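Coordinate inspection notes
So you can see what is in the structure, the chains are spelled out below.
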Amino acid sequence: MSESYRGMWSALGLDLTAHDALLSVLGKAYQDIFLAQKSRPEAMGYFDFVMSEVHGLRIKELLDEKAAGRKIIGSYCVFVPEEIALAANATLVGLCSGADFATEEVEKLLPRNTCALIKSSFGFKLGKVCPYLESADLIVGENTCDGKKKAYETLGTLVDKLHVMDLPQVKTAQGRDLLKSEYIRFKTAVEELTGVAVTAQSLKQAIETVNAKRRAILRLFALRKADPAPISGLDALLANQVFFYDNPARFTESVNKICDELEQRIEARQGAFPQGAPRVLISGCPQAVPNWKLPFIVETSGAVIVGEESCVGERGTRNLTDEGGETVEEMLEAIVDRYFKVDCAIFTPNPERLAHIKEMAAAYRADGVIHYGLQFCQPYLMESMPVEKALEESGIPCLRIETDYSMEDAGQLKTRIEAFIETLK
Ligand code: BJ8
């Protein structure tokens, strides 16, 4: 990445030495994991460029937006409604939490047995290596799992401005009321931050922008149903990850371009993997940038990943917001309806998720499901057991994985995954 960004990073308060080390590990991993793949769609070049400039050009764009009066909001969860941020003249960016960093420092603030995702979010802050976090004018936390909600109490002491959103844990009328009141409170917080009121016109435009982004990625998902799959799971995951921080309109256009190419590849029966390769659905915890461990292991073991039942995947992007509302109130109702369908494992009971996993396995013609649980993540690890049982009762093989971000268990995981893939052939 260009030397010219050093002044920008320094002004953001990054630790340049630690940041250099992070970028060098990232660059090498990207080379070995993504660029080493065979038969990639050419249009993935866009994502290669995005990743090469992930802490450069995109940050510069965000800082230019700030200079022009916009505000930047960082979030850790798909329950934070991008539509409201956009409508009040703010840009929402996902704060990736997909790598271990400054672990020793983190464990002075959080118990060792905290999930890797939460630890990572602290590591990026304490290690001063995330320009997104440092560019943000407001960070939004959400009361989802116990780990996150207690960790935000401490995060609040580390960042300048934290807005904590309460979230329902049950899908009842009262649960929906809570979500609605919290979205109204979020709207007020963003309006106060930007000094710009949400109007019917700005909200309508924002709903259309975010829906267009979702439509594009859903189009990409649908194309993965083909055999041979026209795109690898790794490349599709990357598109899912970039979804959270790219400029929405440019992302939509770039994903649609990939889809055009994928349609041609399907027509020409050109796959990322040979026809008949075992097809795997991944289900479970989100895989944030640069967490590429599981798909790398699966796809270097002869199987292709055809879908992600995950917040960095279909759980996060399916369901559009109804575009028929005319007033702010009507549109807010539509936004609440849309987000209330997200079937995160923090909900109890959560039968929709189980149904969705089965639906996805059938739609993507998956031969098996790998349930991805992060160590110490109670919601997903607990749900993995009924998920496995229900899948096996339906004749769909399931492998439950419990892991973290380290590479220590990579060899052992590979052995288990290879054995699982053998049974799918
Ligand atoms: S809507 S999945 S993005 S909360 S892995 S931190 S659950 S202990 S991330 Fe999530 Fe929103 Fe739900 Fe989606 Fe806790 Fe588990 Fe860690 Fe997790």
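Reading the values: the criteria
- All chains use their own residue numbering, which begins from 1 and follows the written sequence.
- Note on the predicted model: pLDDT of at least 70 is required for a residue's local features to be given, and 80 or more for side-chain atom pairs to be given and counted; whole-chain, interface and lining totals, by contrast, use all residues.
- Note: side-chain values were computed over all heavy atoms of the structure, leaving out hydrogens and water.
- Going along the chain from the N terminus, every DSSP run of H or I of four or more residues is numbered as a helix, and every run of E of two or more is numbered as a strand.
- Note on definitions: a residue-residue contact is assigned when non-hydrogen atoms from the two residues lie within 4.5 Å.
- Helix span is expected to be 1.5 Å times the residue number reduced by one.
- Any pair of nitrogen or oxygen atoms within 3.5 Å is treated as a polar contact; in protein, a donor-acceptor pairing is required on top of that, and neighbouring residues in sequence qualify only through side-chain atoms on both sides.
- We define proximity as follows: a residue is near a molecule or strand when any one of its heavy atoms falls within 4 Å of that partner.
- By the convention adopted, Pro, Cys, Tyr, Trp, Phe, Met, Ile, Leu, Val and Ala count as nonpolar, Lys, Arg, Asp and Glu as charged, and the other residues, Gly among them, as polar.
- Here's how the labels work: a residue is buried when its accessible area is under 20% of the maximum for its type, exposed when over 50%, partly exposed in between, all with a 1.4 Å probe on protein chains only.
- Residues counted as positive are Lys and Arg, residues counted as negative are Asp and Glu, and His and the chain ends are not counted.
- We define a salt bridge as a side-chain nitrogen of Lys or Arg found within 4 Å of a carboxyl oxygen belonging to Asp or Glu.
- Whether two strands pair depends on DSSP finding at least two bridges between them.
- Only the stretch in contact is used when a helix axis is fitted, and all axes are lines through C-alpha atoms; the angle between N-to-C directions ranges over 0 to 180 degrees.
- A pair of Phe, Tyr and Trp rings is counted when the ring centres sit within 6.5 Å of each other, with Trp represented by its six-membered ring. The angle between the planes then sorts it: under 30 degrees is stacked, over 60 is edge-to-face, the rest tilted.
- Counted as over-ring charges are cases with an Arg CZ or a Lys NZ within 6 Å of the ring centre that also lie within 35 degrees of the ring normal.

Re the side chain of Thr-321
Here Thr-321 lies in the loop between helix H15 (314-317) and helix H16 (328-339). Sequence-distant contacts of Thr-321, that is, excluding residues within four places in its chain, are made with Glu-83, Ile-207, Asn-211, Arg-214, Ala-334, Ile-335 and Arg-338.

A short note on helix H13 (residues 248-267)
When the terminal C-alpha atoms of H13 are compared, their 29 Å separation across 20 residues agrees well with the 28 Å that a helix rising 1.5 Å per residue should span. Summarising the contacts, the buried residues of H13 are in contact with helix H3 (45-52), helix H5 (82-87), helix H11 (200-223) and helix H12 (233-242). Its side-chain oxygen placed 3.1 Å from the backbone nitrogen of Ala-249, Asn-247 serves as the N-cap of H13. Where H13 terminates, the next one or two residues include Arg-269, which has phi positive at roughly 55°.

A word on the site of the ligand
Neighbouring residues of the ligand: 16 residues in total, closest Cys-115, Cys-145, Cys-311, Cys-344 and Cys-377. Class assignment of the residues belonging to the shell around the ligand gives a composition of 13 nonpolar, one polar and two charged.

Some words on the environment of Leu-14
By the element assignment, Leu-14 lies in the loop between helix H1 (6-11) and helix H2 (16-35). Leu-14 sits in the buried class, given a relative accessible area of 7%. In the structure, Leu-14 is positioned 117 residues away from Pro-131 in sequence and 7.1 Å away in space, judged by C-alpha atoms. Those residues in contact with Leu-14 that lie beyond four places of it in its chain are Trp-9, His-19, Lys-128, Val-129, Cys-130, Pro-131 and Glu-134.

Quick notes on the side chain of Arg-265
Relative to the assigned elements, Arg-265 resides in helix H13. One buried charge, Arg-265, has no salt-bridge partner; the nearest side chain with opposite charge is Glu-261, at 4.4 Å. At 2.7 Å, the side chain of Arg-265 forms a polar contact with the backbone oxygen of Ser-39. Leave out the neighbours within four places in its chain, and Arg-265 touches Ser-39, Arg-40, Pro-41, Pro-230, Gln-270, Gly-271 and Ala-272.

Quick word on the pattern of salt bridges
Counted according to the given criterion, the structure contains 42 salt bridges. Where Glu-107 meets Arg-112, a salt bridge forms, and the shortest distance between an N and an O atom there is 3.2 Å. What makes Glu-107 partly exposed here is its relative accessible area of 27%. Given a relative accessible area of 62%, Arg-112 falls into the exposed group. A salt bridge links Lys-119 to Glu-107; the nearest nitrogen and oxygen atoms lie 2.8 Å apart.

As for the environment of Arg-338
The residue Arg-338 is located in helix H16 in this model. The exposure class assigned to Arg-338 is buried, which follows from its relative accessible area of 1%. Spatially, the C-alpha atom of Arg-338 lies 6.3 Å from that of Asn-319, the residues being 19 residues apart in sequence. Reaching out from Arg-338, the side chain makes a polar contact with the backbone oxygen of Gly-316 at a distance of 3.0 Å. Within the local environment of Arg-338, its side chain forms a polar contact with the backbone oxygen of Arg-318, the two atoms lying 2.9 Å apart.

Some points on the sheet that holds strand S6 (residues 304-309)
Spatially, the four strands line up as an open sheet ordered S6-S5-S7-S8, and their pairing is parallel. Both edges of this open sheet fall to S6 and strand S8 (398-403), since each of them pairs with a single strand only. Direction aside, the axes of adjacent strands within the sheet are offset by 25° on average. In the sheet, strand S5 (residues 279-284) pairs with S6 via five bridges, with the strands oriented parallel. Following the sheet pairing, Ile-282 is matched in S6 by Glu-308. Along the sheet face, helix H18 (residues 378-393) touches S5, strand S7 (368-374) and S8 and points at about 165° away from the line of S8.

A few points about the packing of aromatic side chains
Taken as a whole and assessed by the stated rule, the structure comprises 14 aromatic pairs. On the basis of an interplanar angle of 85° and a centroid distance of 4.9 Å, the ring pair of Phe-34 and Trp-292 is categorised as edge-to-face. Pair noted here: Phe-34 is in helix H2 and Trp-292 is in the loop between S5 and helix H14 (293-299), with a separation of 258 residues, a long-range link. By relative accessible area, which is 2% here, Trp-292 ends up buried. Centroid distance Phe-101 to Phe-124: 6.1 Å. Interplanar angle 40°. Geometry classified as tilted. Of this pair, Phe-101 sits in the loop between strand S2 (90-94) and helix H6 (103-106) while Phe-124 sits in helix H7 (residues 116-126), and the two are 23 residues apart along the sequence. Residue classification places Phe-101 among the buried residues on the basis of a relative accessible area of 18%. Phe-124 gets classed as buried once you look at its relative accessible area, which sits at 5%. Among the aromatic residues, ring-to-ring pairing joins Tyr-46, Phe-47, Phe-243, Phe-244 and Phe-251 into one connected group. Lys-171 extends its terminal NZ or CZ atom over the ring of Phe-347, reaching a point 4.3 Å from the ring centre. The aromatic ring of Tyr-339 is capped on one face by Arg-338, whose charged end is 4.5 Å from the ring centroid.

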